[in-house]
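# Structure assessment
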Amino acid sequence: MTDPGFPGAGFGPWDEDPQVRHVPVLLKEAMDFLRVRPGGTYVDCTLGMGGHAEAIFRQLGPSGQLLGFDRDPEALALAKERLERTRERMPAGAPRLELIGEAFSAISRHIAPGSVDGMLADFGVSSLQLDEARRGFSFQAEGPLDMRMDPRSGPTAEQVVNEASERELADLIYEFGEERRSRTVARAIVRGRPITTTRQLARIVASAVPPMKNSPIHPATRTFQALRIYVNRELDEIRVLLEAAPRLLKPSGRLVVISFHSLEDRIAKDSLRNGAKQGIWTVLTKKPVTAGEEEIERNPRSRSAKLRAAERQGQGTGDREQGANSLSR
Ligand SMILES: C[S@@+](CC[C@H](N)C(=O)[O-])C[C@H]1O[C@@H](n2cnc3c(N)ncnc32)[C@H](O)[C@@H]1O
């Protein structure tokens with residue numbers, strides 16, 4: 001199922017008060033599973049606007065440390081500002097803070113094996129990214145077709161839409177958007193080239209594929225999701241992270257992941273299940289945890305969120321130096 005809260009959805013959540021949208025999703029549940037230990041080392045792989053990170057930071061105490069990743073320099077700067085403000089309000093001393101402006105697939109280059117007590121990843125785009133028309137993630141507003149989380153690297157959605165072959169477009173829209181009418185969409189895109197803006201693309205897709213019966217989502221939603229995932233190599237990033245996580249965690253260290261559509265959730269589910277069979281993980285969530293009615297009411301984006309958590313089994317990797325600093329550089 002495609003996330004109906006995705007920016008292309010064309011209804012509900014994206015028209016509301018921005019303050020409401022800046023609430024971290026499944027915060028209490030994430031913190032309960034993470035079970036932050038004062039003095040421990042924790043990693044927020046997706047800082048975004050720093051909501052989850054702040055909650056972790058507050059619980060760590062002066063001897064703890066928080067490492068945070070975001071490949072979006074704007075998100076990183078905002079999270080830094082927020083956490084530094086929080087630090088100023090901690091008279092007894094704040095945890096150590098290290099923020100890294102890279103993709104979380106680079107995590108093993110920054111963190112020593114067996115040195116982490118808990119990791120959190122809240123996948124997807126942030127409200128900050130969605131709300132900025134110039135980032136090109138949403139067709140709620142007219143903007144350039146960019147969609148890169150890291151504007152310093154990689155092709156833009158505009159390049160993909162204008163340069164990929166019809167076949168390549170159809171395949172990626174099918175694979176990453178789960179759009180059954182991907183061939184029709186790809187044909188319309190190729191005919192409509194050059195395409196430079198979000199709304200132009202949305203119009204072309206909508207004119208090729210009318211809304212599905214009984215579906216509340218805009219017909220371009222799946223295409224936008226597909227392009228975003230492709231441009232940011234989102235699923236490969238998640239696979240690399242989930243493979244690295246057991247190496248980085250201490251025994252009994254915890255991993256919490258929050259997904260927003262079925263492609264992400266399937267990777268998380270399979271990876272944790274396979275890890276459990278191999279004695280790597282104890283899965284703590286038999287079924288994914290979802291938001292309650294009250295949270296959905298307050299923060300409609302949480303409607304499609306699924307949280308999964310696992311605990312690292314075993315005696316550790318054996319390659320951790322005693323007392324090693326968690327930063328491997
Ligand atoms: C849903 S937001 C996180 C929101 C955050 N938990 C909060 O409380 O504000 C996801 C963030 O992760 C970042 N992100 C997504 N994929 C990433 C990746 N592979 N590497 C680094 N950052 C990534 C995005 O740039 C975005 O800022």
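Here goes a summary of the coordinates provided. (Residues numbered from 1 in each chain as written. Predicted model: local features only at pLDDT ≥ 70, side-chain atom pairs only at ≥ 80, totals over all residues. Heavy atoms only, no water.)

## Some remarks on the pairing of strand E7 (residues 306-312)
Remember that side chains alternate between the two faces of the sheet whenever the strand is regular. The buried fraction of E7 is high, at six of seven residues. Relative to E7, strand E5 (residues 249-259) runs antiparallel, the two being bridged by six bridges. By the bridge assignment, Ser 259 is partnered in E7 with Lys 306. Here three bridges tie strand E6 (residues 281-283) to E7, and the two strands are oriented antiparallel to one another. Pairing of Val 283 across the sheet is with Ala 310, part of E7. (Buried < 20%, exposed > 50% of the residue type's maximum accessible area, 1.4 Å probe, protein only. Helix = DSSP H or I, 4+ residues; strand = E, 2+ residues; numbered from the N terminus. Pairing = 2+ DSSP bridges.)

## Observations concerning the nonpolar core
By size, the foremost hydrophobic cluster in this structure holds 60 residues, and its most contacted members are Val 43, Ile 107, Met 119, Leu 201 and Leu 255. The greatest single-element share of this core, amounting to seven residues, is contributed by helix H12 (residues 234-248). (Core = buried A, V, L, I, M, F, W, Y, C linked by side-chain atoms within 4.5 Å.)

## Some points on the sheet that holds E5
On the basis of which strands lie adjacent, the open sheet formed by seven strands has the order E3-E2-E1-E4-E5-E7-E6 and mixed pairing. Every interior strand has two partners, whereas the edge strands, strand E3 (96-100) and E6, have only one. Pairwise comparison of adjacent strand axes, ignoring direction, gives a mean angle of 15° for this sheet. Packing of helix H2 (residues 27-34) onto the sheet brings it into contact with strand E1 (41-44), strand E4 (116-122), E5 and E7, and relative to E5 it is tilted by some 165°. Running over the sheet, helix H4 (residues 73-88) touches strand E2 (65-69) and E3 and is turned about 175° from E3. (Axes fitted to C-alpha atoms, helices over the stretch in contact; angles between N-to-C directions. Contact = heavy atoms within 4.5 Å.)

## Notes on H4
Spanning 16 residues, H4 covers 22 Å between terminal C-alpha atoms, matching the ideal 22 Å at 1.5 Å per step. Ala 75, Leu 76, Ala 79, Leu 83 and Thr 86 are the residues of H4 that are buried. All buried residues of H4 lie within an arc of 95° about the axis, which places them on one face of the element. Residues of H4 that are buried sit in contact with helix H3 (51-60), E2, E3 and helix H6 (127-131). (Expected span 1.5 Å × (residues − 1). Arc of directions from axis to C-beta.)

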